[in-house]
Amino acid sequence: MNQEMNEKLELVKKTCKRADQYRHAGALIMFDLETLCPREGKGEQGELLALLETEEFKIKQDKTFTEAVELLYQHLEELLPLDQVLISALMREVKHTRQITTEMANAFSMVYNRAYIDWERAKQESDFSIFKDTLQQVLDVSRKKVELWEALPGEPTDSYDRMLDDYERGMTAAQLKESFDVCKARLLPFLKELMQSPKKIRTDFMHRPVSDEQQRRLAEALLKTLGFDLTRGAYALTEHPFTETITRNDVRLTTHFHEDNFISSLYSVMHECGHALFAQLDAEEHYDHFITEERTCGMDESVSRFYENRIGRSREFIHLIYPTVCEIFPEVMGDVSENELYEAVNYCTPSLIRTEADELTYTFHIIIRFEIEMALVAGEISVSDIPAIWNQKYQEYLGITPQNDREGCLQDVHWSSGFGYFPSYLLGNMFNSMYAVKMNEEINVGKCIESGDFTTINRWMQEHVFRKADILSPLEWIRDITGRAFTPEDFLNYLEEKYSKIYGLKR
Ligand SMILES: [Zn+2]
């Protein structure tokens, strides 16, 4: 590598550092907005956030920067491996945003911000007509954004594929559809069978009152058990739980406490802690190379859902936490056995709300959203068709129909900021089922969970799952971990085996 390239690389990294500092400041505001900021203060905070985002965008639009990226990209093989990852990612970004002026970027942000506000009101009033027009604008803007791509060789040409590519590099709608269709073919009859089982699962105690203080104690016990590092992380309360990586040494997660639903907080802590462990245990040099945003949503969700479901809803984990739960809220657990708690957290039934669904029916919540957004972006259906199609699909797959749009197509915030996110949740389940098989071959996972040995589990995750997530595309990554090509089979086997046992079905 010659002197000129060295200087260019230096310049690129300096620019990334500066952009990252703006992102860092924005992340702090974001966290504040969702946790402590009073309602009347949100407007100005929102403006400040938009200002920081625009600055970050401008820094990376600077000509000396984009030219340096292009030059380095032409000499990619001469760079060190992590620099190659960084330059490839920046080249994609440059190509995808070159045609977007600062004014356009601003206008796009305005549409998304407006859509968020309208969605919130529409949901509150359970009235899709309030959201309809801005959702149309979101659709137009999202299409426009991907039409403006200068594609690199091998990148998709179809609009929805490009939207997906933003979340899951290198995966197409056709690939997803194929694996989702396999899920439908196996899980629809299986769900029917389960629903006909005479097995009764006790759930009455799940909604007994548990105070905030008791739930806080449980949340802290869970974080400690799972190995969340509180010297490099924090937690706070919010309405819709999320995790924000401010920096490698400042990873913040959130949860909520609902008095009549302690299970909701328990599993949101498990889920967010999965995201947080990923961020805390990711390699320091990846942060130094500004490539940690390269991991895809599916990879991230595979980890959060691994801790939430594969660990959190396992028999061994319930065995581990049962004494703690009984100790913290004895008045709720007094007449509940360990087995009853295990069955209750795995109670399977068709329901309307995605975030409250069990592991099995969750699959259909995603498939429904995927099918609708794919048809929408392709122009096969229009925005105003959404409520009717939504209800029709819930009837078809789950045999239930929402009474209103709040518990129907308005329940999730995602579409106010574009399309292509939902499939990542289901992909996450498929990914973690594949690496769980591998993990079980190498360590005794059940025994680790039962004895609270999360050091061994987290280390395995760090070495196999986290290590290359920022570097490889999802399909390369899952093959690297497991030695096998991507498949939904492991996920389906896991569901059938687990629920057959709980519901006493013969297989
Ligand atoms: Zn998540």
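Residues numbered from 1 in each chain as written. Predicted model: local features only at pLDDT ≥ 70, side-chain atom pairs only at ≥ 80, totals over all residues. Heavy atoms only, no water.

## A word on the coordination of the zinc ion
Coordination of the zinc ion by the protein involves His-271 (NE2), His-275 (NE2), Glu-301 (OE) and Glu-301 (OE), with metal-donor separations of 2.1 to 2.7 Å. Around the zinc ion sit 4 donor atoms; with metal-centred angles ranging over 50 to 137°, the donor geometry is irregular. One chain supplies every donor to the zinc ion, and in sequence these donors are spaced H-x3-H-x25-E. Here the residue His-271 and the residue His-275 both occupy positions in helix H10 (residues 262-281), the gap between them amounting to 4 residues, near one helical turn. Exposure class is identical for His-271 and His-275. Each is buried. (Donors = N, O, S within 2.8 Å, 3.2 Å for Na, K, Ca; no water. Tetrahedral: all angles 85-135°; square planar, octahedral: opposite > 155°, others 65-115°. Helix = DSSP H or I, 4+ residues; strand = E, 2+ residues; numbered from the N terminus. Buried < 20%, exposed > 50% of the residue type's maximum accessible area, 1.4 Å probe, protein only.)

## Concerning the pairing of strand E3 (residues 250-255)
Counting buried positions over the 6 residues of E3 gives 5, a clear majority of the element. Summarising the sheet, strand E1 (residues 233-237) and E3 pair through 5 bridges and their orientation is parallel. Residue pairing across strands places Ala-236 opposite Thr-254, the latter belonging to E3. By the bridge criterion, 4 bridges tie strand E2 (residues 243-247) to E3 in an arrangement that is antiparallel. Across the sheet, the residue bridging to Thr-245 is Val-251, located in E3. Linkage of E2 to E3, two consecutive antiparallel strands, is achieved through a turn of 2 residues. (Pairing = 2+ DSSP bridges.)

## As for the pattern of salt bridges
Once the charged atoms of two side chains with opposite charge are near each other, the side chains can pair. Within the structure shown, the criterion is met by 40 salt bridges. Arg-39 serves as the salt-bridge partner of Glu-40, at 3.4 Å between the closest nitrogen and oxygen. Per residue, the accessibility class of Glu-40 equals that of Arg-39, and both read exposed. Ionic pairing is found between Glu-294 and Arg-169, a salt bridge with its closest N-O pair at 3.7 Å. Within this pair, whereas Glu-294 is found in the loop between helix H11 (284-288) and helix H12 (297-311), its partner Arg-169 is found in the loop between helix H7 (159-167) and helix H8 (173-196), the two being separated by 125 residues in sequence. (Salt bridge = Lys/Arg side-chain N within 4 Å of Asp/Glu carboxyl O.)

## Some points on the sheet that holds E1
Reading across from one edge, E1-E3-E2 is the order of the 3 strands in this open sheet, with mixed pairing throughout. The open sheet is flanked by E1 and E2, the only strands paired with a single partner. Sheet twist, expressed as the average angle between the axes of neighbouring strands with direction ignored, equals 20°. Against the sheet, H10 contacts E1, E2 and E3, and its axis sits at roughly 165° relative to E3. (Axes fitted to C-alpha atoms, helices over the stretch in contact; angles between N-to-C directions. Contact = heavy atoms within 4.5 Å.)

## Notes on the domain arrangement of the chain
What the domain assignment reports for the chain is domain 1 (3-169) and domain 2 (174-503). If you average the C-alpha positions of domain 1 and of domain 2, the two centres end up 26 Å apart. Note on domain 1 versus domain 2: buried area summed over both sides is about 4300 Å², and carbon and sulfur give 67% of it. If you sort the residues of domain 1 by the area they bury against domain 2, Phe-31, Tyr-160 and Tyr-167 come out on top, with a joint share of 18%. (Domains from an automatic or database assignment. Buried area = accessible area lost by both parts, 1.4 Å probe.)

## With respect to the nonpolar core
Core analysis: the largest hydrophobic core is formed by 135 residues, its most contacted members being Tyr-435, Ile-457, Met-461 and Trp-477. Split by domain, the residues of this core number at least three in each of domain 1 (3-169) and domain 2 (174-503). In this structure Met-461 touches Val-303, Phe-306, Tyr-307, Tyr-435, Met-439 and Phe-466, once residues within four positions along its chain are discounted. (Core = buried A, V, L, I, M, F, W, Y, C linked by side-chain atoms within 4.5 Å.)

## Quick look at the packing of helix H18 (residues 423-442) against helix H20 (residues 454-466)
Relative to each other, H18 and H20 sit at 120°, their axes nearing to 11 Å. Classified by the angle between their axes, H18 and H20 sit oblique to one another. Crossing angle aside, the handedness with which H18 passes H20 is right-handed. On H20, the residues touching Tyr-435, Lys-438, Met-439 and Glu-442 of H18 are Ile-457, Trp-460, Met-461, His-464 and Val-465. Counted by class, the contact of H18 with H20 contains 6 nonpolar, 1 polar and 2 charged residues. (Parallel < 35°, antiparallel > 145°, perpendicular 65-115°, else oblique. Left-handed = near helix turned anticlockwise from the far one by under 90°. Nonpolar A, V, L, I, M, F, W, Y, C, P; charged D, E, K, R; others polar.)

## Details of the packing of aromatic side chains
Inspection of the entire model under this criterion finds 21 aromatic pairs. Geometrically, the ring pair formed by Trp-415 and Phe-422 is edge-to-face, given 6.0 Å between the ring centres and 90° between the ring planes. For the pair shown, Trp-415 and Phe-422 are each scored as buried. Arranged with centres 5.2 Å apart and planes meeting at 50°, the rings of Tyr-421 and Tyr-425 form a pair that is tilted. Among the residues examined, Tyr-421 registers a relative accessible area of 23% and is labelled partly exposed. Through a chain of ring-to-ring contacts, three or more aromatic side chains come together here, namely Tyr-167, Tyr-362, Trp-390, Tyr-394, Trp-415, Phe-419, Tyr-421, Phe-422 and Tyr-425. The residue whose ring lies beneath Arg-354 is Tyr-425, and the NZ or CZ to ring-centre distance is 4.7 Å. One cation-aromatic arrangement involves Arg-369 over Phe-422; the distance from NZ or CZ to the ring centre is 5.4 Å. (Phe/Tyr/Trp six-rings, centres within 6.5 Å; stacked < 30°, edge-to-face > 60°. Lys NZ or Arg CZ within 6 Å of the ring centre and 35° of its normal.)

## Examining a nonpolar patch on the surface
On the surface, Tyr-116, Ile-117 and Val-413 cluster together into a nonpolar patch covering about 230 Å² of accessible area. Looking at the element boundaries, Tyr-116 is found in helix H5 (residues 102-125). Tyr-116 gets classed as partly exposed once you look at its relative accessible area, which sits at 32%. (Patch = residues over 30% accessible without salt bridge, like charges linked within 9 Å, V, L, I, M, F, W, Y side chains within 5 Å. Areas by Shrake-Rupley, 256 points an atom, 1.4 Å probe, with all protein chains shown as cover.)

## A closer look at the environment of Ala-276
Relative to the helices and strands, Ala-276 resides in helix H10. Counting along the chain gives 26 residues from Ala-276 to Asp-250, while the straight-line C-alpha distance between them is 9.8 Å. Non-local contacts of Ala-276, meaning those with residues more than four positions away in its chain, are made with Phe-228, Thr-243, Val-251 and Leu-253.

## Description of the packing of helix H16 (residues 359-377) against helix H17 (residues 386-398)
The N-to-C vectors of H16 and H17 enclose an angle of 145°; their axes lie 10 Å apart at closest approach. The two elements H16 and H17 cross, and the hand of that crossing is right-handed. Seen from H16, the contacting residues are Thr-361, Phe-364, His-365, Ile-367, Ile-368, Arg-369, Glu-371, Ile-372 and Leu-376; seen from H17, they are Ile-386, Ile-389, Trp-390, Lys-393, Tyr-394, Tyr-397 and Leu-398. Partitioned by chemical class, the residues of the contact of H16 with H17 number 11 nonpolar, 2 polar and 3 charged.

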